[in-house]
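An overview of the molecular structure
Take a look at the letters that make up each chain.
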Amino acid sequence: MRRLKAIGALVAAGVLAAACSAGKGGGSGSGTTKATNVVTISNENGALWTCGFSPFNGSDTLLTVGFVYEPLVYVNALQNGKTTPMLATSWQWGAGNTSLTFTIRKNVKFSDGTAMTPADVVYTFNLLKKYPALDLTGDWSVLSSVTQTGSDQVTMKFKHAAVPAFYFIAGQTPIVPQHIWSKISNPVSFADSKPVGTGPYKVNPCTKQNITYTANPHYWQSGLPKITKVQYPAFTSNNTANDQLASGQAQWGSQYIPSIKSFYTAKSPSFHYWFPPTVNVSLIPNLKNSLLANVKVRQAMAYAIDREKVSSIGESGYEPPANQAGIVTPTFSSWLDSSLTGKYNYTYNPAKAKQILASAGFKMGSDGIMANSKGQKLSFSVINIGDYSDWVASMQVVAQNLKAVGIQVTPDNLTNTDFTAAIYTGKFQLAYYDQQTFGPSPYYELRNWLDSAGTAPIGKTAATNYERYSNPATDKLFSQYAASTSVSQQHAIINQVQQVMLSQLPIIPVVQAVDWYQWDDSSLSGWPTPSNPYAQPAAYSYPDAEQVLLHLRSK
Amino acid sequence: MSMPISGVPTAPDTGQLPGTAPGPAGAGQARLPARHALARMGRAIRSNRKAAAGTVLLAIFLFAALFPGLIAHDDPGADAYQPKLGISTAHLLGTTAQGQDMWAQLVWGTRNVMIIAFVVGLAATGIAVLIGVAAAYLGGLWDGSLSLLTDVLLVIPLFPLLIIIAGYAHGGGTLVLILVITVTSWSYTARQLRSQALSLRKRDFLEAARVRGERRLYIVVVEIIPTMTSLIVAAFLTNALYAVLFASSLQFIGLGDPNTQSWGTMLYWAQNNAALQTGQPMWALAPGACIAALGAAFALLNYAFDEIGNPALRPVRRKRVTRA
Amino acid sequence: MRFALRRLGFFVITLWAALTLNFLLPRLMPGNPALAMLSKFHGQLGPGTLHALEVLFGVNTQKGLLAQYFSYLHQVFTGNFGPSLDFYPEPVTSVIGSAIWWTLGLVGIVTILAFLLGTGLGIVSAWRRGGRLDSVLPPVFVITSAIPYFWMGMVLVLIFGITLGWLPTEGGYYVSTDSPGLNLTFFQDVLSHAALPALALLITTIGTWILTMRNTMITTLAEDYVRMARAKGLPGRRIMVDYAARNAILPNLTGFAMSLGFVVSGAILIEYVFNYPGVGYMLLQAVQGEDYPLEQALFLLITVAVLVAILIADIATALLDPRTRTGG
């Protein structure tokens, strides 16, 4: 017995000793890449890799579009749609903006050595037409035909003028090789584990825990990419990914890091972060609710919410306060109509909120909740995604803000699936959510919120217009915008949309969602920065990740 | 969350799943009316150090649960202060990353924990008494099937089952937690109670009652149960301890309602905000210490009851022999 | 023999109960959770997968409950647990395969260490009744038995991981720099990542071993044959080991079986705190991600593992201790 105990103790001591020595060595330092043309990404995806790389599979796009597959043009949403020709060298809108002709770049090869031709472009688009499940960006909702019209030209015809669709068609649709995809019997379920594309990287190899990308020797931009290897580990928890960033093992982060200064930037002078705002996270009223349909109630809410506090307490200051005009700043500051802010100034003003409610006939009850003459109380539930702890914290602040003016709001934290089911079908009173797509101007987000094409009656699925807002005048604004390529006209139209947001308050933006981005420039340079926003900087942005990787080089 | 400390070792009983002791030796010997038993317990508590310590701890938490406003003056839910402040006279434990006063959260959270502990403790013990005593007294097929039910539930790992059920229920408030934990955790104490009830069956006073012609229910309620008072109290303490540990664990992993004030939800928020890694260790340490302290109170009292029942386990106080 | 048969019978019954629970739970919950899950994957699931999910969760089926039950049992026994939804389209069985070794390693080694250390300490403490060890241990371990597992983990993270910086606190190994393989760096990496979780699990589970062993020893030491051995003048250590401990250890074995359920809960929570990639962590991820097929399969796996362990412990006890065989 004693002997057994002694052996056990010895074994334990030996294990601990080995572990400690490994711990010290394997911790900070030895993990960092000595070979400096390697970059490691830290982006928690919540699951292990399935090693599927189909560019048309929604869960795999961020791993493959940009790395392996490329679009025709790179459109930078952070620089108001600045374009960089990729697989297309130039393009031209036809008369009435109902046709678009691309000149396809010559001497481009796929990673298996085969030449890329306009036929591949035509094939790709027609593949999406044949299998709508692959058309993730909805190209064919506006396209009517795509054909080759010259030795190196492809012409696309539109059902109606849809200039903003350029962002999706030219900037987000990956071009796939016809000689491979035409042989696949069911492209919808095709995993594409050994993807062949025109992009700067090949997948070699992929395991559940890590994807290694190596440089494509046939890449059409000679001398690029300078980064010859990219490691993309799979993280199932935020904390583990944050840890790898903070220890210097990963250089490119796309993480939500609580208390980022003490957790990350304090650890090294070469650690930086930048969170460019993209879309609004808004309090969404169900406009079919009789109390919420009253614009004064919504106005009162807009005055009662302390957006600064939601930003600093709920989002640790990472997501700046939004404005009621719905224009995300500073990303789209040039679109903000300053003349309107004088007229509608929705700052934090609880006294004014109470005033407005009083003028609408609401009186404070003995329970601290405002009620109208019919006895209807301003008491609502707000659905929220329980998984997003920062949104839960934000709603706690909002609930406290609204309580102070007599509006009772009870958070109902749902699972992801329950939440999306409820918000799509309009089974809610208030909701807290943001749009899932971002584009190179405020049009993209605001159209999703306000265009009646995106809404549906309660009980049916509304794709993007959850609050059930419908106004033909507003719809007309959006179709006018879509028909025009004139920048000044676009600005004028967006000004009118801002007027709608400020006077009708269909939704109440609270804070602005951001791209999560951290970088370590101790051995690599060429990172996107606030002064040089050449691409959306998060590793999960596609195809922007390609631009970042093409700019990076070792110091 | 280790096994409850059962004083007397497992002499295998009736060949079923190796169970627990046939109950503290003392309580079964003579038949005592309930109030004598309670008075005896009171005296025993005062003289036993562990019991005294446990009682004091429990009393502190009860006070905090009943009168939180007297101890903490801030609103625990209000994001009213500067976030991430350290310990100071204004904020005894500092503030959270959301600007809430931690001391207030800790004190007000006691109520939720105590409610869960007592409600689950009582309900689970009630079920355990019902099933344990019924199985022992009814015997035969009843005993067989009830014992089987108990043993099966005893062996199925409870925590994964709780996780699955809470997951299907999409998390949920305190009520869901109470229901779910009560329904699954009575089996251990049911076994203990059954064992003791079995050992009492053949006692003379029960034979006398039967011969007198008393109804079965009368015998069970008036004769058997009061004799088992100390074990029932011990069972309550065990169930309360588990309730606290299970409930805070479920809240910690996010299966409770994150908007309630409780120690488990404090830990959930601390974990989500990487409190340990960002220099806010109090946020994680304080609620955990409270859970440990409350659990220790229950465990100390439980242990003390075992010692009261089984004199062999009492601490031996060796007299210091002074050299002549 | 009869004893073994009875234990086997109990094992089968409990297995059946777990399977039935697994079958009934999703069907009993208000608003079948699987319906929401199916709508999430609308259009993406192949017919075979769809059918497997129908059988597991009872959605879109016209069959009566009993018929569903039999198809469910049939499917489970052929090892078809459906696809994992978080890792779609990978089947649940292969997803679990990647995690199970981590848990087996962690829990297995810790249990052995806890058994050895705990039993040893318990024996010594009982032998020296009233000594320093004996008076300190019980209250200390009463308190550690009340410490939530995950909190122990957090304390260790704070002390050893953050303040002292000696050991890593996240994951199973450095995913971005090491790849699994039979080399020394990987092995060292795994050990250093396992150290803190193992320590946490050890500290919280060892208390039971020590105290149960101590209490068993105390009772055994009071037995007549021990007194006889003392009277005969046998050396103390020999009595402690050969007479008392050997007999006291057996109830401990069965206590081990009962405490296995708690070791499992402890492992789950500790894996969560350390993001250790085992089946416990995977269960929590599956619940958070609403991956119902994976949840179900993991629950069954954990239950079966516990049942098998208990069965083995019972049979071992029966073989070693004749008293149990005669007890019924």
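Every value quoted in this text rests on a predicted model; they were computed, and no experiment measured them. (Residues numbered from 1 in each chain as written. Chains lettered and ligands numbered in written order. Predicted model: local features only at pLDDT ≥ 70, side-chain atom pairs only at ≥ 80, totals over all residues.)

1. Let's talk about the overall build of chain B
Within chain B one finds 14 helices and 0 strands. Walking chain B from its N terminus toward its C terminus, one meets helices and strands in the order α-α-α-α-α-α-α-α-α-α-α-α-α-α. Here the analysis covers contacts within chain B between residues at least 6 apart in sequence; of these, 72% occur between residues at least 24 apart. (Helix = DSSP H or I, 4+ residues; strand = E, 2+ residues; numbered from the N terminus. Contact = placed C-beta atoms within 7 Å.)

2. A few points about the overall build of chain C
Scanning chain C from terminus to terminus reveals 13 helices and 0 strands. N-terminal to C-terminal, the α/β element order of chain C is α-α-α-α-α-α-α-α-α-α-α-α-α. Going through the 328 residues of chain C one by one, you find that 53% of them count as buried. Restricting the contact set of chain C to residue pairs at least 6 apart, pairs at least 24 apart contribute 72%. (Buried ≥ 20, exposed ≤ 12 C-beta atoms within 10 Å, placed from the backbone.)

3. Here's the deal with the sheet that holds strand S6 (residues 143-150) of chain A
Residues and elements named next belong to chain A. The 4 strands are arranged S4-S5-S7-S6 in an open sheet whose pairing can be described as antiparallel. The outermost strands of the open sheet, each flanked by one partner alone, are strand S4 (88-93) and S6. Here the strands of the sheet are splayed against their neighbours by 20° on average, with no regard to which way each runs. Relative to strand S7 (residues 153-158), S6 is paired through 6 bridges, and the arrangement is antiparallel. Within S7, the residue paired with Gly150 across the bridge is Gln153. Against the sheet, helix H3 (residues 118-130) makes contact with strand S5 (99-104), S6 and S7, and its axis sits at roughly 170° relative to S6, the strand it touches most. (Pairing = 2+ DSSP bridges. Axes fitted to C-alpha atoms, helices over the stretch in contact; angles between N-to-C directions.)

4. Here's the deal with the sheet that holds strand S11 (residues 252-253) of chain A
All names here are of chain A. The 7 strands are arranged S8-S9-S10-S1-S11-S20-S12 in an open sheet whose pairing can be described as mixed. The sheet is open, and its two borders are formed by strand S8 (201-206) and strand S12 (271-273), each paired with just one other strand. The pairing of S8 with strand S9 (residues 210-215) spans 4 bridges and is antiparallel. Residue pairing in the sheet places Cys206 in a bridge with Ile211 of S9.

5. A word on the packing of helix H6 (residues 132-146) of chain C against helix H8 (residues 184-221) of chain C
Residues and elements named next belong to chain C. Interaxial distance between H6 and H8 falls to 9 Å at its minimum, and their mutual angle equals 135°. What the angle tells us is that H6 and H8 run oblique. Crossing of H6 over H8 shows left-handed handedness. Of H8, the residues touching H6 (which contributes Leu137, Pro138, Phe141, Thr144 and Ser145) are Ile203, Thr204, Gly207, Thr208, Ile210 and Leu211. Partitioning the contact of H6 with H8 into residue classes produces 6 nonpolar, 5 polar and no charged. (Parallel < 35°, antiparallel > 145°, perpendicular 65-115°, else oblique. Left-handed = near helix turned anticlockwise from the far one by under 90°. Nonpolar A, V, L, I, M, F, W, Y, C, P; charged D, E, K, R; others polar.)

6. Some thoughts on the confidence of the model for chain B
All names here are of chain B. Across chain B, pLDDT averages 79, with 80% of residues at or above 70. Summarising per-element confidence for chain B, the mean pLDDT is lowest in helix H1 (residues 25-29) (37) and highest in helix H13 (residues 263-272) (92). Segment residues 1-30: pLDDT under 50, and 101 contacts once partners within four positions in sequence are set aside and those in other chains are kept. (pLDDT = per-residue confidence, 0-100.)

7. Side note on helix H6 (residues 140-155) of chain B
Spanning 16 residues, H6 of chain B covers 22 Å between terminal C-alpha atoms, matching the ideal 22 Å at 1.5 Å per step. All of the buried residues along H6 of chain B are Ser147, Thr150, Asp151, Val152, Leu153 and Val155 of chain B. Packed against the buried residues of H6 of chain B are helix H5 (102-138), helix H8 (174-185) and helix H9 (187-201) of chain B together with helix H1 (2-28) and helix H12 (292-320) of chain C. (Expected span 1.5 Å × (residues − 1).)

8. Some words on helix H3 (residues 49-66) of chain B
Residues and elements named next belong to chain B. If you check H3, its first and last C-alpha atoms are 26 Å apart, about what 18 residues at 1.5 Å a residue would give, namely 26 Å. Those residues of H3 that sit buried are Lys50, Ala51, Gly54, Leu58 and Ala64. Across the axial projection of H3, the buried residues extend over an arc of 155°, all falling on one side. Counted as exposed and oriented over 90 degrees from the buried face of H3: Arg49, Val56, Ala59 and Leu66. (Arc of directions from axis to C-beta.)

9. A word on the packing of H5 of chain B against helix H12 (residues 229-252) of chain B
Residue and element names in this part refer to chain B. In the contact formed by H5 and H12, the axes pass within 7 Å of each other and the chain directions differ by 130°. The angle between H5 and H12 falls in the class oblique. The way H5 lies across H12 gives a crossing that is right-handed. Along its contact with H5, which presents Val113, Ile116, Ala117, Phe118, Val120, Gly121, Leu122, Ala124, Thr125, Ala128 and Val129, the element H12 presents Ile232, Ala235, Phe236, Asn239, Ala240, Ala243, Val244 and Ala247. Broken down by class, the residue content of the contact of H5 with H12 amounts to 16 nonpolar, 3 polar and no charged.

10. What to know about the nonpolar core
Counting 331 residues, the largest nonpolar core has Met301 and Ala431 of chain A together with Leu162, Ala243 and Val244 of chain B as its most contacted members. When neighbours within four sequence positions are excluded, Leu162 of chain B is seen to be in contact with Val180, Ile181, Thr184, Phe246 and Leu250 of chain B. Ranked by size, the runner-up nonpolar core spans 7 residues in total, among them Ala52, Val55, Leu85 and Tyr292 of chain C. (Core = buried A, V, L, I, M, F, W, Y, C linked by C-beta atoms within 7 Å.)

11. Focus: unusual backbone geometry
Residue and element names in this part refer to chain A. Across the junction of Asn204 and Pro205, the peptide omega takes the value -5°, indicating a cis bond. Along the chain, Pro205 turns up in strand S8. Phi angles above zero are rare outside glycine, and Asn80 is one such case at about 55°. Structurally, Asn80 is set in the loop between strand S2 (73-76) and strand S3 (82-85).

12. So, the environment of Ile369 of chain A
Residue placement: Ile369 of chain A occurs in the loop between strand S14 (363-364) and strand S15 (370-371). Placed 136 residues apart in sequence, Ile369 of chain A and Leu505 of chain A show a C-alpha to C-alpha distance of 22 Å.

13. Some thoughts on the pairing of S2 of chain A
Residue and element names in this part refer to chain A. The pairing of S2 with S3 spans 4 bridges and is antiparallel. Among the inter-strand pairings, Val73 is bridged to a residue of S3, identified as Pro85. In sequence, S2 turns back onto S3 through a hairpin of 5 residues, with Asn80 there showing a positive phi of about 55°.

14. A look at the environment of Ala284 of chain B
Mapped onto the fold, Ala284 of chain B is located in helix H14 (residues 281-309). For Ala284 of chain B and Val176 of chain B, which are 108 residues apart along the polypeptide, the C-alpha to C-alpha distance reads 25 Å. Those residues within four positions of Ala284 of chain B in sequence are excluded, and the remaining contacts are Leu267, Ala270, Ala275 and Leu276 of chain B together with Met154 of chain C.

15. Re the pairing of S7 of chain A
Put simply, side chains in a regular strand alternate between the two faces of the sheet. Residue and element names in this part refer to chain A. Burial along S7 is one-sided: the residues Val154, Met156 and Phe158 are buried and none of Gln153, Thr155 and Lys157 is. Here S5 runs beside S7; their pairing, made up of 5 bridges, is antiparallel. Bridging across to S7, Phe102 finds its partner in Val154. Here S6 folds back onto S7 in antiparallel fashion, the turn holding 2 residues.

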